[in-house]
Amino acid sequence: MRVDRIKFNTELLRRDMTQKQVCELSGLSRPTVNAVANGRSCSKTTAEKIAAALQIDLSEITE
């Protein structure tokens with residue numbers, strides 16, 4: 001699954017959040033969140049955790 005990096009980074013800016021905060025809220029590692037932010041693919045579970053940390057629906061950040 002691929003999280004759209006532009007949508008992801010836009011949500012971070014909208015919510016005034018850092019990747020570190022997403023890591024803390026999602027329980028994911030910093031390299032994982034950084035990879036997703038740079039457009040690398042990830043598992044559905046990872047994408048769901050990121051969406052939950054951002055308090056948005058998964059469809060709002062996926063391609």
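What counts, and at which threshold
Residues numbered from 1 in each chain as written. Predicted model: local features only at pLDDT ≥ 70, side-chain atom pairs only at ≥ 80, totals over all residues. Heavy atoms only, no water. Helix = DSSP H or I, 4+ residues; strand = E, 2+ residues; numbered from the N terminus. Rg over C-alpha atoms; globule rule 2.2 N^0.38 Å. Buried < 20%, exposed > 50% of the residue type's maximum accessible area, 1.4 Å probe, protein only. Contact = heavy atoms within 4.5 Å. Areas by Shrake-Rupley, 256 points an atom, 1.4 Å probe, with all protein chains shown as cover. Arc of directions from axis to C-beta. Polar contact = N/O pair within 3.5 Å; in protein donor to acceptor, adjacent residues only side chain to side chain. Axes fitted to C-alpha atoms, helices over the stretch in contact; angles between N-to-C directions. Parallel < 35°, antiparallel > 145°, perpendicular 65-115°, else oblique. Left-handed = near helix turned anticlockwise from the far one by under 90°.

1. Let's talk about the overall build of the protein
The helix and strand inventory of the protein stands at 4 helices and 0 strands. Listing every helix and strand of the protein by position from the N terminus yields α-α-α-α. The C-alpha atoms of the protein give 10 Å as radius of gyration, which agrees with the globular expectation for 63 residues (11 Å, within 12%). Burial statistics for the protein: of 63 residues in total, 40% are counted as buried. In the protein, once contacts between residues fewer than 6 apart in sequence are set aside, the share between residues at least 24 apart is 63%. Total accessible area on the protein is roughly 3900 Å²; 44% of this is exposed by carbon and sulfur atoms.

2. Quick look at helix H1 (residues 5-14)
Within H1, the full set of buried residues consists of Phe-8, Glu-11 and Leu-12. Buried residues of H1, seen end-on, are gathered within an arc of 105 degrees and therefore sit on one face of the element. Opposite the packed face of H1, turned more than 90 degrees from it, sit the exposed residues Ile-6, Leu-13 and Arg-14. Residues of H1 that are buried in the fold lie against helix H2 (19-26), helix H3 (30-37) and helix H4 (44-54). A distance of 2.9 Å separates the backbone nitrogen of Ile-6 from a side-chain oxygen at the start of H1, and that oxygen is part of Asp-4. One or two steps after H1, the chain reaches Asp-16, where phi turns positive at roughly 55 degrees.

3. Observations regarding the packing of H2 against H3
Interhelical geometry of H2 versus H3 gives an angle of 120 degrees and a closest axis separation of 9 Å. In terms of orientation, H2 and H3 fall into the oblique class. The crossing of H2 and H3 is right-handed. Where H2 abuts H3, its residues Gln-19, Lys-20, Val-22 and Cys-23 lie against Arg-30, Val-33, Asn-34 and Ala-37.

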